[in-house]
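Now for the letters of each chain:
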Amino acid sequence: MENKVTRQLYMVPYVLWIVLFVIAPILLVLYYSFFNIEGQLSLDNYQKFFTPVYLKMTLSSFWYAFLITAITLLVAYPTAYLLTKTKHKHLWLLLIIVPSWINLLLKAYAFLGIFGTFGAANQFLELIGIGTQQILFTDFSFIFVSVYIFIPFMILPIFNSLNQLNPTLLDAANDLGASKWMTFKRVIFPLTIDGVKSGCQVVFIPALSLFMLTRLIAGNRVITLGTAIEQHFLVTQDWGMGSTIAVFLIIFMFLIMFLTGTKKRGV
Amino acid sequence: MANAIIEFKSVTKQYDNDPPVLDDVSFEIERGKFYTLLGPSGCGKTTILRLIAGFTEASDGEIYFNNKITNHVPANKRQVNTVFQDYALFPHLNVFENVAFGLRIKKMKNAEIEQKVKEALSFVNLEGYENREIREMSGGQRQRVAIARAIVNEPEVILLDEPLSALDLKLRTEMQYELRELQRRLGITFIFVTHDQEEALAMSDEIFVINKGKIQQSGTPTDIYDEPINRFVADFIGESNIVTGKMVQDQLVEMVGKRFECVDGGFQSNEPVEIVIRPEDLEITTVERGKLQVKVDSQLFRGVHYEISSYDQDGNEWLVHSTKKAVVGEEIGLYFDPEAIHVMRFNETEEEFDKRLEAYTDGSGHGK
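Residues numbered from 1 in each chain as written. Chains lettered and ligands numbered in written order. Predicted model: local features only at pLDDT ≥ 70, side-chain atom pairs only at ≥ 80, totals over all residues. Heavy atoms only, no water.

Here the focus is the UniProt feature "domain: ABC transmembrane type-1" (unreviewed entry) in chain A. UniProt records the feature "domain: ABC transmembrane type-1" (unreviewed entry) for residues 58-260 of chain A in the present numbering. Secondary structure across residues 58-260 of chain A divides into 77% helix and 0% strand, with the first and last C-alpha atoms of the span separated by 20 Å. (UniProt positions renumbered as here; feature names shortened; annotations may be inferred. Helix = DSSP H or I, 4+ residues; strand = E, 2+ residues; numbered from the N terminus.)

Listed below in structure tokens is the structure:
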């Protein structure tokens, strides 16, 4: 019996953490979402969310998150595949992962320098005769930087699932007449779909609520749900509306988790 | 040979500067027979299989398939299918789709696929398992799915890479019968890789004994068992008593200080040789009637027979398989027929060996 008690004792820090910093804030957000800007209990905020302004914002959030996820996937899958073929694959993986340890803000500022009017990118364009362009504060720079930041998070799960793939299965597909592309389509991709799914989750969900990059790189030209929440809390002081958007964001996250949920397959 | 489906001509496989995995190997595979590549692990037998399947390319030499050079033909274009050691069934597909994989690649019509898969599954006694997931199948059943997946493509050759090694003894014996039976019914060439000599003897039409990247001997199971070419083959296939001696003249061999009549010939007089006598060819008798006098050292009951270990006065060990019991510590005599003696020359190549065998036998009892 003592065993059980000690085991429960070990759980205390974890449970405390979850209750204080996860469950309580979510409940608070839910609570605030029912108060309108005058501080009265109402469903005004929820009604407001379904007005064109917010629906458009939601739609554009999803659209950008989708673009970011899709491009990240397109870059990350071949990269992860090549990595598994290299001799020192874990070293290469580490090198790719390392940038993700650097603070997001630092990386964003680095890109301000690179993409700025007098930055390296424009110097290069000048050199090849295209001339200086407005790169910063465009959709392109926003998506480019977001993709750059998310790539390691996409590579990691895909690399792991590719790495676990039994190489004889590829021989078997080849033996049964499948070309390289067929083998990829019918064996490699289906067997690594779990890695792709978890990669998409860890990219799509944070991409929905990106707000720092929208300001720094996209110059507030891209408004996502994340930006809206930040604005309501810090600028307009409409905590109720901010909370309501946050509630919807949480609902979307659970929906996505549920839709991309993985069923375990054996062998 | 007109009937050869696969032919290796001086094939060598070498990685970087390591010693070659296969060293100048030549052989022919005839249509419709059951072949076994037998040898210890790392001898190069799986490499031969991978060369035939097209998973790897030879460093040197030519490989012919149906008299056409096939060295650079990719694996997916070869009329060969493989049953892998770990079966390599696709875990994301059910039994039906695993078997249908090759047919779907060929873009066959659904109705035809269905019929062929059903046929293949019934061939391996797995009717009704179409919709099972692979993880729901036992080891023996997975084995059968792997075989069905290979035969459904109607290849000219099926390669089997130690497919029985993961099964327990009873199931393994059962599958040996089934594989042999299946090969007869299908009439296609099977090339089976194993390190288990009993498996090889039981199943094959032809055995290639391989060691250190070279084919040591090829022949029917009885050829190889009765007439091993050298110490390695004699030792690897079955139990054997091997002593050194010399050939006084043809049909007369000297060992353990005595001369014995035998049936081997084609030697130089007084040539040093090795002599093999199989334990089951030794008969226990009285000291006076025995050709050899030995002292029983230990005895094991093996079920079918007793395995008796004994030593002669020179300290050579003589293993005897006998249904009669011996008494440990007692002197006994060992009797054997002249035919039981098999004499092996040192460093004889298979070609020389076959030629010598042909020269002195009249086709009775010995040789091919």
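Moving on: the UniProt feature "transmembrane region" (unreviewed entry) in chain A. The feature "transmembrane region" (unreviewed entry), as given by UniProt, occupies residues 12-34, 62-84, 91-115, 135-159, 202-219 and 239-259 of chain A in the numbering adopted here. For residues 91-115 of chain A, the helix share is 76%, the strand share is 0%, and the end-to-end C-alpha distance is 30 Å.

Taken together, the 26 residues of chain B in the interface contact 20 residues of chain A. Roughly 2200 Å² is buried in total at the junction of chain B and chain A, and carbon and sulfur atoms are behind 61% of that figure. Looking at the side of chain B facing chain A, the largest losses of area belong to B:Asn76, B:His92 and B:Ile105, adding up to 28% of the total buried there. Connecting chain B to chain A are one salt bridge. The salt bridge partner of B:Arg50 is A:Asp171, with a shortest N-O separation of 3.3 Å. Taken together, the links from chain B to chain A amount to eight residue pairs in polar contact (both at pLDDT 80 or more). (Contact = heavy atoms within 4.5 Å. Buried area = accessible area lost by both parts, 1.4 Å probe. Salt bridge = Lys/Arg side-chain N within 4 Å of Asp/Glu carboxyl O. Polar contact = N/O pair within 3.5 Å; in protein donor to acceptor, adjacent residues only side chain to side chain.)

This part is about the packing of helix α3 (residues 52-85) of chain A against helix α7 (residues 139-163) of chain A. Residues and elements named next belong to chain A. Close contact between α3 and α7 brings their axes to 6 Å; oriented N to C, the two are set at 45 degrees. Taken together, α3 and α7 sit at an angle that is classed as oblique. The element α3 and its partner α7 pack so that their crossing is right-handed. Looking at the contact of α3 with α7 residue by residue, the class counts come to 21 nonpolar, six polar and one charged. (Axes fitted to C-alpha atoms, helices over the stretch in contact; angles between N-to-C directions. Parallel < 35°, antiparallel > 145°, perpendicular 65-115°, else oblique. Left-handed = near helix turned anticlockwise from the far one by under 90°. Nonpolar A, V, L, I, M, F, W, Y, C, P; charged D, E, K, R; others polar.)

All names here are of chain B. Taking burial as the measure, the six residues of strand β10 (residues 214-219) include five buried ones, the bulk of the element. Relative to β10, strand β9 (residues 206-211) runs antiparallel, the two sharing five bridges. Residue pairing across strands places isoleucine 207 opposite glycine 219, the latter belonging to β10. Between β9 and the antiparallel strand that follows it, β10, lie two residues; lysine 212 among them carries a positive phi value of about 50 degrees. (Buried < 20%, exposed > 50% of the residue type's maximum accessible area, 1.4 Å probe, protein only. Pairing = 2+ DSSP bridges.)

Our next topic: the sheet that holds β10(B). All names here are of chain B. With mixed pairing, six strands are arranged side by side in an open sheet as β6-β7-β8-β3-β9-β10. Where the open sheet ends on each side, the last strands, each with one partner, are β6 (80-83) and β10. Averaged over all neighbouring strand pairs, the angle between strand axes comes to 20 degrees, with direction disregarded. Relative to strand β8 (residues 189-194), strand β3 (residues 34-38) runs parallel, the two sharing five bridges. Along β8, the bridge assignment pairs tyrosine 35 with isoleucine 191.

What follows is about the packing of aromatic side chains. Residues and elements named next belong to chain A. The final tally for this structure, using the stated rule, is 36 aromatic pairs over all chains. On the basis of an interplanar angle of 85 degrees and a centroid distance of 5.5 Å, the ring pair of tyrosine 64 and phenylalanine 142 is categorised as edge-to-face. Note that tyrosine 64 is positioned in helix α3 and phenylalanine 142 in helix α7, a separation of 78 residues in sequence. In this structure tyrosine 64 comes out as buried when scored by relative accessible area, which is 11%. Overall, phenylalanine 142 belongs to the buried group, its relative accessible area being 0%. (Phe/Tyr/Trp six-rings, centres within 6.5 Å; stacked < 30°, edge-to-face > 60°.)

Let us look at the sheet that holds strand β2 (residues 22-30) of chain B. Residue and element names in this part refer to chain B. One open sheet holds the four strands; their spatial order is β2-β1-β4-β5, and the pairing between them is antiparallel. Both edges of this open sheet fall to β2 and β5 (68-69), since each of them pairs with a single strand only. Bridge count for strand β4 (residues 60-65) against β5 is two bridges, and the pairing is antiparallel. Each residue of the ladder has a partner; that of tyrosine 64, found in β5, is isoleucine 69. Where helix α1 (residues 45-53) meets the sheet, it contacts β1 (4-13), β2 and β4, and its direction lies at approximately 120 degrees from that of β1.

Under the feature "domain: ABC transporter" (unreviewed entry), the UniProt entry names residues 6-237 of chain B. Across residues 6-237 of chain B, the secondary structure splits into 36% helix and 25% strand, with the terminal C-alpha atoms separated by 25 Å.

Attention now goes to the pairing of β9(B). Within a regular beta strand, the side chains point alternately toward one face of the sheet and then the other, so they alternate between its two faces. Residues and elements named next belong to chain B. Counting buried residues in β9 gives six out of six residues, a clear majority hidden from the surface. Where burial is concerned, the two faces of β9 agree: the one with Glu206, Phe208 and Ile210 and the one with Ile207, Val209 and Asn211 are both buried. Both β3 and β9 contribute to a ladder of four bridges, which runs parallel. Among the inter-strand pairings, leucine 37 is bridged to a residue of β9, identified as phenylalanine 208.

By size, the foremost hydrophobic cluster in this structure holds 59 residues, and its most contacted members are A:Ile68, A:Phe142, A:Ile155, A:Leu213 and A:Ile245. Per-element tally for this core: the top contributor is α7(A), with twelve residues. Discounting residues that sit within four places of it in the chain, A:Ile68 has contacts with A:Phe142, A:Ile143, A:Ser146, A:Val147, A:Phe150, A:Val203, A:Ala207 and A:Leu210. In terms of nonpolar packing, the next biggest core, distinct from the first, is built from 42 residues, A:Leu169, B:Ile5, B:Ile29 and B:Leu49 among them. (Core = buried A, V, L, I, M, F, W, Y, C linked by side-chain atoms within 4.5 Å.)

What follows is about α7(A). The end-to-end C-alpha distance of α7(A) is 35 Å, a good match for the 36 Å that 25 residues give at a rise of 1.5 Å each. At A:Phe150, α7(A) is deflected by roughly 40 degrees, the largest bend along its length, and proline A:Pro152 occurs up to four residues later in sequence. (Expected span 1.5 Å × (residues − 1). Bend = angle between axes of the 7 residues up to and from the residue.)

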